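Residue-level listing of the chains:
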Amino acid sequence: MTEPMLPEAFKQKMEGLLEAEYSAFLASYGEERHYGLRINTLKLSVEQFRGLTRMELEPVPWAETGFYYREGDGRPGKHPHYHAGLYYIQEPSAMAPAKLLDVRPGERVLDLCAAPGGKTTQLAAKLQGAGLIVANDVHPDRVKALVKNIELSGIRNAVVLNEDPAKLEGAFTGYFDKILIDAPCSGEGMFRKEEDMAKVWRPDWPEKYAEMQRTLLRQAGRMLKPGGLMVYSTCTFSPEENEAMIAAFLDEHPAFAVEPPRLRRLGARRPDWLGGRYARGPKRPAPRACGRTGSRARATSRPRCAAVASPRPWRRRGLRPATARAAREAGPPRSRRRRARAGAGAAADPREALARFAAEQLAAAPYGAAELECRGEHVYAAPAGLPPLDGIRVIRPGWYLGSVTKQRFTPSHALAMGLRAEEALRMVTFTADDPRAVRYLKGETLELAPGELRTAADDVPAKGYALVCIDGYPVGWAKVQDGMLKNEYPPGWRWT
Ligand code: SAM
């Protein structure tokens, strides 16, 4: 994109703000664009991914799992590793807000404006399965993309909501350790990436969005624990939506204080745009064309130690017997026996069907300390410690495990994506170069060569659900029978 595409009023405003730095700002639109991806450390380590991929990756200085890839590296969104959820394609600057939130395993995290989920997936990777992430977005269509990205990334401890934050405040007052408000904004930082945004932008947008952002910040502030940390970020340059927004919030909320951002080689905060009212530290470099700004505020009304959550790793429930025969011999767990005695003649509990599936198809029950929650025929593993969510539009109360019809459990794609290969009793893995990897992703039935079906033990029958993997990482289910893989890859996810 060349500079003349920018709206005239925008250019005048930026010239007034940047003064001597304005020409460097304009010139940045002509510079080479940077492409980024973030390795999903819920699935594998940075080193493991770098050993697996042919892409030439260069580290993003402010995000340890973020990398630049070259435009000539093919299409990373069209690679079997992408379908295995091994990475998320994300602007390098967009990796900054979640990094600033400094999430630790065991914390309760809210991503208030989450769709399509770039930052949710980054925050969840930080949690490493311990704790909880609530991902909310007010737009129903955008929530669908959010759910898909959460499932693709194999996140087990996310709750997805589709609500006006005003409806969340009551349920979650003072609940979260960390909150990200990646606010809807006038999008001035997106003009280069999405030229249409430059065409529709209007000079009154910053004020219009500021109104909405003020409300979101206040609502988020009420849901933060004393001593908690929240990050407010936008992809726009306008001081009305950034520096002035934070200054007004601090005026209204004396219990909050701004934390200085600590990111290597990234900084776009311009305290001087407010005459230094709340400035700390030296002036930052001029914003770049794709810059994203982020501010961290901490609630300090009570002693910090009262609010810093100590890590609460998942308590693992006892592992299921490793083989199908052992499972049959062990019989139903005590809680199931109790329910069976109590409920003879009652409608079957979907949890029973899930337990049967787990015994016959999985090497270990992967739900940890999560509560099993049934909604109609659908079964979810809901993270522990959630408050009642009455009256709130809950799209996913937790990890979607599958559905039950006629007492038969059908595993969900989300279950496959959240499992590790060794958690299934049967698995088949193709290398990313094997044409069958793409044929599986296209929904084709495949023939297996002898020995290609791997089982957790010798006595596991060669018939049943198999976890299909690419380079050892799950991409979906198939049913194995007579050496054939009957494809269960969901039609909506298929490689086209
Ligand atoms: N965090 C996202 C990511 O990294 O993929 C991008 C978020 S985007 C900048 C802002 C989001 O805010 C949009 O998805 C929009 O639907 C949502 N939104 C707009 N108004 C909202 C509101 N009042 N409450 C919650 N979400 C809202």
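Quick notes on the rules
Residues numbered from 1 in each chain as written. Predicted model: local features only at pLDDT ≥ 70, side-chain atom pairs only at ≥ 80, totals over all residues. Heavy atoms only, no water. Helix = DSSP H or I, 4+ residues; strand = E, 2+ residues; numbered from the N terminus. Buried < 20%, exposed > 50% of the residue type's maximum accessible area, 1.4 Å probe, protein only. Areas by Shrake-Rupley, 256 points an atom, 1.4 Å probe, with all protein chains shown as cover. Pairing = 2+ DSSP bridges. Axes fitted to C-alpha atoms, helices over the stretch in contact; angles between N-to-C directions. Phe/Tyr/Trp six-rings, centres within 6.5 Å; stacked < 30°, edge-to-face > 60°. Lys NZ or Arg CZ within 6 Å of the ring centre and 35° of its normal. Salt bridge = Lys/Arg side-chain N within 4 Å of Asp/Glu carboxyl O. Expected span 1.5 Å × (residues − 1). Polar contact = N/O pair within 3.5 Å; in protein donor to acceptor, adjacent residues only side chain to side chain. Contact = heavy atoms within 4.5 Å. pLDDT = per-residue confidence, 0-100. Parallel < 35°, antiparallel > 145°, perpendicular 65-115°, else oblique. Left-handed = near helix turned anticlockwise from the far one by under 90°. Nonpolar A, V, L, I, M, F, W, Y, C, P; charged D, E, K, R; others polar. Near = heavy atom within 4 Å.

**Here's the deal with the overall build of the protein chain**
- The helix and strand tally for the protein chain stands at 15 helices and 22 strands.
- Buried residues in the protein chain amount to 56% of all 496 residues.
- By element, 51% of the accessible surface of the protein chain is carried by carbon and sulfur atoms, the whole surface being about 22,300 Å².

**Looking at the sheet that holds strand β1 (residues 35-39)**
- With antiparallel pairing, the four strands of this open sheet are ordered in space as β2-β3-β1-β4. With one partner strand each, in any of the chains shown, β2 (58-60) and β4 (87-89) form the two edges of the open sheet. Across the sheet, the mean angle separating the axes of adjacent strands is 40° when strand polarity is ignored.
- Pairing analysis gives three bridges linking β1 to β4, with the strands arranged antiparallel. Opposite Arg38, over in β4, you have Tyr88 as the bridge partner.

**Let's talk about the packing of aromatic side chains**
- Throughout the structure, instances matching the rule amount to 22 aromatic pairs.
- Note on Tyr82 and Tyr87: the rings are 5.9 Å apart at their centroids and 55° apart in plane angle, and the pair reads as tilted.
- Put simply, the rings of Phe10, Tyr22, Phe25, Tyr29, Phe191, Trp201 and Phe237 touch in pairs and so form one group of aromatic residues.
- Directly above the ring of Trp493 sits Lys148, whose terminal nitrogen or CZ lies 4.9 Å from the centroid.

**Let's talk about the pattern of salt bridges**
- For the structure shown, the criterion picks out 29 salt bridges.
- As a salt-bridge pair, Asp182 and Lys119 come within 2.8 Å of each other at their nearest N and O atoms. Linking Asp182 in strand β8 (residues 176-182) with Lys119 in helix α6 (residues 118-127), this pair joins segments that are 63 residues apart in sequence. A single burial state applies to Asp182 and to Lys119, both of which are buried.
- Asp141 is paired through a salt bridge with Lys144; the nearest N and O atoms lie 3.3 Å apart. One end of the pair is Asp141 and the other is Lys144, both in helix α7 (residues 140-152) and three residues apart, which spans about a single turn.
- Overall, the relative accessible area of 59% leaves Lys144 in the exposed class.
- Taken together, the salt bridges that share partners define one network made up of Arg156, Arg420, Glu422 and Glu423.

**Digging into helix α13 (residues 350-361)**
- When the terminal C-alpha atoms of α13 are compared, their 16 Å separation across twelve residues agrees well with the 16 Å that a helix rising 1.5 Å per residue should span.
- Along α13, nine of the twelve residues are buried, which leaves the element largely enclosed by surrounding structure.
- For α13, every residue scored as buried is listed here: Pro350, Glu352, Ala353, Leu354, Ala355, Phe357, Ala358, Ala359 and Gln361.
- For α13, the side-chain oxygen to backbone nitrogen distance between the N-cap and Arg351 is 2.8 Å, and the N-cap itself is Asp349.

**Concerning the pairing of strand β9 (residues 224-234)**
- Among the eleven residues in β9, eleven count as buried, and that is most of the element.
- Where β8 lies against β9, six bridges are found, and the strand directions are parallel. Across the sheet, the residue bridging to Lys178 is Leu229, located in β9.

**Topic: the environment of Pro59**
- Examined against the element boundaries, Pro59 turns out to sit in strand β2.
- Those residues in contact with Pro59 that sit more than four places away from it in its chain are Gly66, Phe67 and Tyr68.

**Focus on the confidence of the model for the protein chain**
- Per-chain confidence: the protein chain averages 86 in pLDDT, with 84% of residues scoring 70 or above.
- A low-confidence stretch, residues 276-291 stays under pLDDT 50, and its non-local contacts, those more than four residues away or across chains, total 50 contacts.
- For the stretch residues 301-346, pLDDT sits under 50, and the model shows 68 contacts to residues farther than four places along the chain or on other chains.

**Here we look at the packing of helix α9 (residues 205-223) against helix α10 (residues 243-252)**
- One way to put it is that α9 packs onto α10 with a least axis distance of 11 Å and a crossing angle of 45°. Overall, the two elements α9 and α10 adopt an arrangement that is oblique. The two elements α9 and α10 meet at a crossing, and its hand is right-handed. Between α9 and α10, the residues in contact are Ala210, Gln213, Arg214, Leu217, Arg218 and Gly221 and Met245, Ile246, Phe249 and Glu252, respectively.
- Across the contact of α9 with α10, the residue classes break down as five nonpolar, two polar and three charged.

**Section: α7**
- Here α7 contains 13 residues, and its C-alpha end-to-end distance of 19 Å stays within 8% of the 18 Å for a straight helix at 1.5 Å per residue.
- Those residues of α7 that fall on the buried side of the exposure criterion are Val143, Leu146, Val147, Asn149, Ile150, Glu151 and Leu152.

**Some remarks on the site of the ligand**
- Taken together, 18 residues form the shell around the ligand, and within it Lys119, Asp137, His139, Arg142 and Asp182 come nearest.
- Contact between the ligand and Pro116: an oxygen atom at 3.4 Å from a main-chain N or O atom of the residue.
- In the model, an oxygen atom of the ligand is placed 2.7 Å from a nitrogen or oxygen of the Lys119 side chain.
- Alone, the ligand offers 600 Å² of accessible surface; in the complex the protein occludes 86% of this.
- Residues belonging to the shell around the ligand are distributed by class as follows: ten nonpolar, four polar and four charged.

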